[in-house]
Amino acid sequence: EFPLTIADKDGNEITVTIRTDKTIVGEALQELGLLVGEEGPYGIYVKAVNGIRADYDKDKVYWAFYVDGDYAVSGVDVTEIQAGSEYALRVEKG
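Numbering of residues starts from 1 in each chain and follows the order in which that chain's sequence is written. Reporting of local features is limited, given that this is a predicted model, to residues whose pLDDT is at least 70; pairs of side-chain atoms are given and counted only at 80 or more, and all residues count toward the totals for whole chains, interfaces and linings. By convention in this description, side-chain values take in all heavy atoms of the structure and omit both hydrogens and water.

Here the focus is the overall build of the protein. If you tally the helices and strands in the protein, you get two helices and eight strands. Atoms counted for the radius of gyration: C-alpha only. Globule rule: 2.2 Å times the number of residues to the power 0.38. Taking 2.2 N^0.38 as the reference for a compact globule, 94 residues should give roughly 12 Å; the C-alpha atoms of the protein span a radius of gyration of 12 Å, in line with that estimate. Each principal axis of the C-alpha distribution contributes one length, and for the protein these read about 35 × 30 × 25 Å. Exposure classes here rest on a 1.4 Å probe applied to the protein chains alone. A residue is buried below 20% of its type maximum, exposed above 50%, and partly exposed in between. Looking at the protein as a whole, 35% of its 94 residues are labelled buried. Accessible area for the protein stands at about 5800 Å²; split by element, carbon and sulfur atoms hold 45% of it. On the protein, the mean spot of the 9 positive side-chain charges and the mean spot of the 18 negative ones are 8 Å from each other. Numbering of helices and strands starts at the N terminus; helices are DSSP runs of H or I of at least 4 residues and strands are runs of E of at least 2. Note on areas: these come from Shrake-Rupley sampling with a 1.4 Å probe, and a residue is covered only by the protein chains present in the view. We treat Lys and Arg as the positive residues and Asp and Glu as the negative residues; His and chain ends play no part in the count. The location of each charge is read from NZ of Lys, CZ of Arg, CG of Asp or CD of Glu.

Now the structure itself:
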């Protein structure tokens, strides 16, 4: 299990505990129906998290992925779940 913070464009945030047997963050979130995305040239492009959509073409906002408070160096679809780590998805202005 791991904590996931979800923040919308207004800064409202919730933290949920994800319980899974998956080893990749994105797979766990997709399995639980929390993450909606589409495959792109650089992996999955996150479109919505917990029902909150981020549309770069419309609003110039996107979902940013963080690990332990730092902007992630890998995508949500390839980041392995590490015991003790905290993850966040935040809507940010592009």
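After presenting the structure, the write-up continues.
In this section: the layout of surface pockets. Of the voids in this model, the largest pocket is the one considered here, and its volume is about 370 Å³. Around the largest pocket, the lining comprises 17 residues; the ones closest to its centre are Ile 44, Tyr 45, Val 46, Trp 63 and Gly 75. Secondary structure elements with two or more residues in the lining of the largest pocket: β4 (43-49) and β6 (61-67). Residue classes in the lining of the largest pocket are distributed as 12 nonpolar, four polar and one charged. With a 1 Å grid spanning the protein atoms alone, the term cavity applies to any set of points in which a 1.4 Å probe fits but cannot get out, the term pocket to an open set with protein on both sides within 12 Å along at least five of seven lines, and the term lining residue to any residue with an atom within 4 Å of a point. Grid points are joined across faces, edges and corners, and a volume is the space filled by probe spheres set on the points. Gly is put with the polar residues, along with every residue not named as nonpolar or charged; the nonpolar set is Ala, Val, Leu, Ile, Met, Phe, Trp, Tyr, Cys and Pro, and the charged set is Asp, Glu, Lys and Arg.

Turning our eyes to something else, we now look at the sheet that holds strand β2 (residues 13-18). Between any two strands, at least two bridges found by DSSP are needed for them to pair. In spatial order, the strands read β2-β1-β8-β6-β7; together these five strands make up an open sheet with mixed pairing. The open sheet is flanked by β2 and β7 (70-71), the only strands paired with a single partner. Two elements, strand β1 (residues 2-7) and strand β8 (residues 87-93), share four bridges in a ladder whose sense is parallel. By the bridge assignment for β8, Thr 5 is matched with Ala 88.

Moving on, we get to a positive patch on the surface. A patch is a set of surface residues, each over 30% in relative accessible area and not in a salt bridge, joined within 9 Å for like charges and within 5 Å for the nonpolar side chains Val, Leu, Ile, Met, Phe, Trp and Tyr. We define a salt bridge as a side-chain nitrogen of Lys or Arg found within 4 Å of a carboxyl oxygen belonging to Asp or Glu. The grouping of Lys 9, Lys 58, Lys 60 and Lys 93 at the surface amounts to a positive patch. Looking at the secondary structure, you find Lys 93 in strand β8.

Let us now look at the pattern of salt bridges. Scanning the model with the defined rule gives two salt bridges in all. In this structure, Arg 90 engages Glu 13 in a salt bridge whose closest nitrogen and oxygen atoms are separated by 2.9 Å. Of the two residues, Arg 90 sits in strand β8 while Glu 13 sits in strand β2, which places them 77 residues apart along the sequence. Residue class for Arg 90 comes out partly exposed when judged on its relative accessible area of 26%.

Function cannot be read off these values alone, since they describe shape.
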